[in-house]
Structures are given as structure tokens and as C-alpha cells.
Amino acid sequence: MQKFDAIVIGSGQGGVPLAKKLAKAGWKTAIIEKRWIGGTCINDGCTPTKAMIACAEAAHTVANSRQWGITVSGFQLDFEKIITRKNEIVTSFRGGATKGLENTDGVTIYYGTASFNGPKTVDVKLRTGSSETITADHIFINTGTSPKIPDIPGLNQVPYLTNTTLLDLQTLPSHLIVLGGSYIGLEFGQMFRRFGCQVTIIERSTLLKREDEDVSAAMKKIMEGAGIKVHTGATIKQIEGAGDAVRIVLNANGESTTVTGSHILVASGRTPQTKELHLDTTGITTDEKGFIPVNEKLETSVPGIYALGDVKGGPAFTHISYNDHLILLKNLVEKKNETTIGRPVPYCVFTDPQLGRIGLTEKEAREQGLDIQVACLDMSKVARAIETGHTDGFMKAVVEKSTGRILGAAILGHNGGEIMSVLQIAMMAGMTATQIREMIFAHPLYTESLNNLFMSITK
């Protein structure tokens, strides 16, 4: 049995930098990966989907170029080239992450499946077929999540796609039915609509159900304006397959409807990859869904064992996983006292227009009993949006009335994530709505419209 100072299980966006930096700090470190270095983000998450979304945006611009006074006589979408481009980008990113690990002194990479054999002992079933057992005083679980498959009558009897397998399609679906109206479902739904597919989105609640109702309604309007059929408040009664078609019987807002398509994308959430870990041998507790609860310093119920990234539940974003590794590194190596308490959780939905979000929603602020003002500005009133032809969406900010402190923002608009990031920095600096309203921004940027956004705020 080989002993390490640290074992990192999973090579996602938290695990890789953590392993490298621990090794550089003098820790003898092992990292275990059952699939590919880079985790979900690089291999079948952020990197490939955003590469394909860029292609879909280009196709949409060409198809709608007449609004800018440019007529394209005809164009052809080469889906094979789009997939090749995506694969080349993924391979490049994965290769860079792998090379970085391989070239780090003090890191040993195990390609295989990890399972605990006691609190601080890990069995590794290697891809070669052999096994090794390793141990360490500090163990970090970074195994992430996988697509959650809902219990819907008939679903397991028909072929279906996930956000992973959809990336490997070689031909376009004629009609893609998306089960789920959150980030993944909306991004893929709009993307394939722009590739020329018929698309239907089925959601049991509302689109982006964690957002305010006005944001959800605006996103639904944008999807429907793109020619996507959207069923919200929908319960699926049965899924059937017939030849090359799939048939879904659903009830939406009291009405029974049947939808027939060529492909189904299951985009109804994620489930933690903890089953193979045999956590029962460690004493680590999990919640009812299998996620690993941690304290504010990311430590599990067993001292010396930590969880970072999506596997611990909570905000499931790459940048949160990366920040997790920084907290662990500062506390364990630099002997600081960093915690997750109060850290900002920005995120962006990469539809077109984007939805950038930071801080409290209006609903959350009111539920907390805060005395707030809400500032809104339609993108059709933004000079830059008018000039560039991107007027869908609106800006919204929640402000504490007594202090002018910005509590949160939702920017549904072109480059919405970038505008949101400006507000995030302002929030972290303690700037008020009045200061943003009176600030000089370069004209005519989208960010300049923050002056106008806060015109309705009185203090």
C-alpha cells in the first residue's frame, strides 16, 4: 500500500489545480480519474457546448442578416464540421490539462475507478485491469455529477439522449424534444433550433424556475419567438417509441397534448457520482439524493476528507468548483481561515441573449423581509442594443432602499454575463446604486446603460 499526503478523486476544474498546487507545496499527491482529465466542464460541459453555441450564433446571424442590410443568397450548415471543430477544441483543452498534470513533480496520476476501503484508504481499479490500494491523511472528493434520468413511464423503453451523448450526434435531429427547461435544456434547445431543427421544450414548472417570474416569462417569450414550442406546467404521462419516432403524451395546464419527434434530450437535472465510492466504509454521510454535505470549510463528516465541486451539492458551476480548491489550498497549505460563507455566486445561462445572474432575486429579497427598490430597463431602450440589433431582454437590479446597496441583478441581454460581472465587482466593492448611476462609462457600451438602469432608484 502506497502512502500519499493527499489523494484527489476526480480531475475536474477543482481537482486538477488542487493536485498541482498541493504537489508544488511539497505534498506527495495522487489524483484518480476514471474517464478523461478535465472533468465534465472540458469534456462534455462548458467547453464543447459553448463551442457549438458559437456556431449556432453564427448561423443565426447569417440567416437573419437582412436586418443589418446584408443579403446572403444562400448558405449551408455543415454539422460534421461543427462537430469536428468542437472535438478539436475539447482535445486541445483536455490535452493541456493532462500535460499540466503529467509535468508536475510530485503528482501521480491513476487512470481508473476509485472506491473507499476504510476512512483513509482507497482502492483503485485501473483501466489495465489491475488494482492498487493507496492511502493518505487528506482525501478530496471531486467526482462531480452525471445526468439525472427521471422516472417517467416508457422513458427506459425508447432511445434518449443526455447532454453528453447529444454531443456525439453525427446528423441533426429533425425534431428534438427537450425534457427540462433549465440551463442545459434552454441552451441546447436554442442551439439546435438555430441549426434548423424543430424543437419542443417540456418543463413541469416554469423555465428557469429559480429566477423571478418576469425573467422566466421573458425567456419563454424569447424561446417561442425563435420558433420553439414551449410547454410549461407540464406532466408527462407516457413516452412511446414507434419506428424512428418518439411520442410523448403530456398534460400541460389542464390540457392533454401529444408531441411526436425524432429525438429526446433528457435535461432534467444532475445526480452526484458517489455510488461507486462506497462511502459507507468511511462514515461519510450523504443526503437523500446522494450529495455529500460539507461544512463551510468543505470538510465532510469525516475529518480530513473533503468534497469540492458539484458532488457536494449547492451551486453546480465550474467557477464554484475552482473557488473550492482555493479555499482548501489556503486553509491547508497557507494555514488561513477561508470559508464559503458569503461568497458571491455569479452564473450565466448561455442562451442568446445571455442571462447573467448575481446575488438575490427580487423574490428572495422580499421573502427575507428586506425593504427594496427594483430597477428595470428594457434592452430596447439601450443605445448599444439598438445599434447592434440585439434588443431582446431586460436589465433588473435589486437595491436596498435605505442604503442604496445593490443586492442582486439579472441581466437578460446581449453580453448579459459581462454586464453582470461589472455589477458583481461593484457589489463586492460596496458601491451603491447612486454611484453606478453617476459613474462615467465609455460610450456607447452596454455597460453604460447601467447609468439609466439606476435612474429610478431614489437613493
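One can find the structure itself at the top, above this paragraph.
Quick look at the structure, then.

Definitions and cut-offs
Position labels on residues start from 1 in each chain and follow its written sequence. Local features are withheld for residues below a pLDDT of 70 in this predicted model, meaning they are given only at 70 or higher, and side-chain atom pairs are given and counted only at 80 or more; totals for whole chains, interfaces and linings count all residues. Neither water nor hydrogens contribute to the side-chain values; these are computed over all heavy atoms in the structure. Helix and strand definitions here come from DSSP, where helices need a minimum of 4 consecutive H or I residues and strands a minimum of 2 consecutive E residues; each element is numbered from the N-terminal end. We take the radius of gyration over the C-alpha atoms and set the globule estimate at 2.2 Å times the residue count to the 0.38 power. Here the term buried applies to any residue with accessible area under 20% of the maximum for its type, exposed to any over 50%, and partly exposed to those in between, with areas from a 1.4 Å probe on protein chains only. In what follows, a contact means two residues having at least one pair of non-hydrogen atoms within 4.5 Å. Points on a 1 Å grid, built from protein atoms alone, make a cavity when a 1.4 Å probe fits but cannot get out and make a pocket when they are open with protein on both sides within 12 Å along at least 5 of 7 lines; residues with an atom within 4 Å of a point are the lining residues. Grid points are joined across faces, edges and corners, and a volume is the space filled by probe spheres set on the points. Three residue categories are used. Nonpolar comprises Ala, Val, Leu, Ile, Met, Phe, Trp, Tyr, Cys and Pro, charged comprises Asp, Glu, Lys and Arg, and polar comprises the others, including Gly. Aromatic pairs are defined between Phe, Tyr and Trp rings, using the six-membered ring for Trp, whenever the two ring centres lie within 6.5 Å; interplanar angles under 30 degrees are classed as stacked, those over 60 as edge-to-face, and all others as tilted. Either the NZ atom of lysine or the CZ atom of arginine qualifies as a charge over a ring when it sits within 6 Å of the ring centre and within 35 degrees of the ring normal. Two strands form a pair only when DSSP identifies at least two bridges running between them. Helix axes are fitted to C-alpha atoms over the stretch in contact, other axes to C-alpha atoms as well, and angles between N-to-C directions run from 0 to 180 degrees. A side-chain nitrogen of Lys or Arg and a carboxyl oxygen of Asp or Glu constitute a salt bridge if their distance falls within 4 Å. Expected span, for any helix, means 1.5 Å times one less than how many residues it has. An arc is given here, and it is the one of the directions from the helix axis to the C-beta atoms.

Observations regarding the overall build of the protein
Turning to step 1, where the next piece is worked out: Along the backbone of the protein there are 12 helices and 20 strands.
Turning to step 2, where the next piece is worked out: Its C-alpha atoms give the protein a radius of gyration of 24 Å, within 12% of the compact-globule value 23 Å for 459 residues.
Turning to step 3, where the next piece is worked out: The dimensions of the protein, computed from C-alpha atoms along their principal axes, are 70 × 60 × 45 Å.
Turning to step 4, where the next piece is worked out: Residues counted as buried form 49% of the 459 residues belonging to the protein.
Turning to step 5, where the next piece is worked out: Restricting the contact set of the protein to residue pairs at least 6 apart, pairs at least 24 apart contribute 62%.

Digging into empty space enclosed by the protein
Turning to step 1, where the next piece is worked out: Within the structure shown, the criterion is met by one cavity of 30 Å³ or more.
Turning to step 2, where the next piece is worked out: For the largest cavity, the calculated volume is near 50 Å³.
Turning to step 3, where the next piece is worked out: The wall of the largest cavity is formed by Glu211, Asp212, Val215, Arg357, Leu360, Thr361, Glu362, Lys396, Val398, Ala409 and Ala410.
Turning to step 4, where the next piece is worked out: Of all the elements in the fold, those that place two or more residues in the lining of the largest cavity are strand E19 (394-400) and strand E20 (406-413).
Turning to step 5, where the next piece is worked out: Its residues assigned to classes, the lining of the largest cavity shows five nonpolar, one polar and five charged.

Here's the deal with the environment of phenylalanine 291
Turning to step 1, where the next piece is worked out: Assignment of secondary structure puts phenylalanine 291 in the loop between strand E14 (270-272) and strand E15 (305-307).
Turning to step 2, where the next piece is worked out: For the pair phenylalanine 291 and proline 272, spaced 19 residues apart in sequence, the C-alpha to C-alpha distance is 5.6 Å.
Turning to step 3, where the next piece is worked out: Sequence-distant contacts of phenylalanine 291, that is, excluding residues within four places in its chain, are made with Thr145, Arg270, Pro272, Thr286, Asp310, Val311, Lys312 and Gly313.

Some thoughts on the packing of aromatic side chains
Turning to step 1, where the next piece is worked out: A full pass over the atoms with the stated rule returns nine aromatic pairs.
Turning to step 2, where the next piece is worked out: When the ring of tyrosine 183 is compared with that of phenylalanine 317, the centres are 6.1 Å apart and the planes differ by 45°; the resulting orientation is tilted. Placement of tyrosine 183 in helix H5 (residues 183-194) and of phenylalanine 317 in the loop between E15 and helix H7 (318-332) is noted, with a sequence separation of 134 residues between them.
Turning to step 3, where the next piece is worked out: Taken together, Phe79, Phe188, Phe192 and Phe195 form an aromatic cluster joined through their ring pairs.
Turning to step 4, where the next piece is worked out: Across the ring face of phenylalanine 4, the terminal group of lysine 28 is positioned such that the distance to the ring centre comes to 5.1 Å.
Turning to step 5, where the next piece is worked out: The positively charged end of arginine 94 is found above the aromatic ring belonging to tryptophan 36, 4.3 Å away from the centroid.

Re the sheet that holds strand E11 (residues 245-252)
Turning to step 1, where the next piece is worked out: Taken in spatial order, the three strands make up an open sheet running E10-E11-E12, and their pairing is antiparallel. Edge positions in the sheet fall to strand E10 (234-242) and strand E12 (255-261), since each has one partner strand and no second. Across the sheet, the mean angle separating the axes of adjacent strands is 20° when strand polarity is ignored.

Digging into the pattern of salt bridges
Turning to step 1, where the next piece is worked out: Counted by the stated rule, this structure contains 15 salt bridges.
Turning to step 2, where the next piece is worked out: Among the salt bridges present, the one from arginine 194 reaches aspartate 352, with a minimum N-O distance of 2.9 Å. A residue pair is termed long-range when its members are at least 10 positions apart, and arginine 194 in helix H5 and aspartate 352 in the loop between strand E16 (347-349) and strand E17 (354-359) qualify at 158 residues. Here the two residues arginine 194 and aspartate 352 agree in accessibility, since each one is buried.
Turning to step 3, where the next piece is worked out: Here lysine 336 and glutamate 334 are joined by a salt bridge, their closest N and O atoms 3.4 Å apart.
Turning to step 4, where the next piece is worked out: For lysine 336, a relative accessible area of 44% corresponds to the partly exposed category.
Turning to step 5, where the next piece is worked out: Relative accessible area serves as the criterion here: at 41%, glutamate 334 is assigned to the partly exposed category.

Some remarks on the sheet that holds E17
Turning to step 1, where the next piece is worked out: If you walk across this open sheet you meet the five strands as E16-E17-E20-E19-E18, and the pairing is antiparallel. Of all strands in the sheet, those bounded by a partner on one side alone are E16 and strand E18 (372-378). Put simply, the sheet's adjacent strands are angled 10° from each other on average, direction ignored.
Turning to step 2, where the next piece is worked out: Sheet analysis places E19 next to E20, joined by six bridges and oriented antiparallel. If you follow phenylalanine 394 over to E20, its bridge partner there is leucine 412.
Turning to step 3, where the next piece is worked out: The sheet contacts of helix H6 (residues 213-225) involve E17, E19 and E20, and relative to E20 the element is tilted by about 10°.

Comments concerning the layout of surface pockets
Turning to step 1, where the next piece is worked out: The volume enclosed by the second largest pocket comes to roughly 510 Å³.
Turning to step 2, where the next piece is worked out: If you trace the second largest pocket, you find 24 residues lining it, with His60, Asn64, Arg194, Asp352 and Asp392 closest to the centre.
Turning to step 3, where the next piece is worked out: At five residues, helix H3 (residues 46-63) tops the list of elements feeding residues into the lining of the second largest pocket.
Turning to step 4, where the next piece is worked out: A per-class count over the lining of the second largest pocket returns nine nonpolar, 10 polar and five charged.

Regarding the environment of lysine 21
Turning to step 1, where the next piece is worked out: Positionally, lysine 21 belongs in helix H1 (residues 15-24).
Turning to step 2, where the next piece is worked out: Residue classification places lysine 21 among the partly exposed residues on the basis of a relative accessible area of 28%.
Turning to step 3, where the next piece is worked out: Distance in space between the C-alpha atoms of lysine 21 and valine 333 is 9.3 Å, their sequence separation being 312 residues.
Turning to step 4, where the next piece is worked out: The residues contacting lysine 21, other than those within four sequence positions of it, are Tyr322, His325, Leu326 and Leu329.

Side note on H6
Structural remark: α-helix, 3.6 residues per turn; residues separated by three or four positions point the same way.
Turning to step 1, where the next piece is worked out: The end-to-end C-alpha distance of H6, which contains 13 residues, comes to 18 Å, matching closely the 18 Å that a straight helix rising 1.5 Å per residue would cover.
Turning to step 2, where the next piece is worked out: Val215, Ser216, Ala218, Met219, Ile222 and Met223 are the residues of H6 that are buried. An end-on view of H6 places all buried positions within 165° of arc, on one side of the element. When the buried face of H6 is taken as reference, the exposed residues oriented beyond 90 degrees from it are Glu213, Lys221 and Gly225.
Turning to step 3, where the next piece is worked out: Elements that come into contact with the buried residues of H6 comprise H5, strand E9 (229-231), E17, E19 and E20.
Turning to step 4, where the next piece is worked out: One or two residues past the end of H6 sits glycine 227, with phi positive at roughly 90°.

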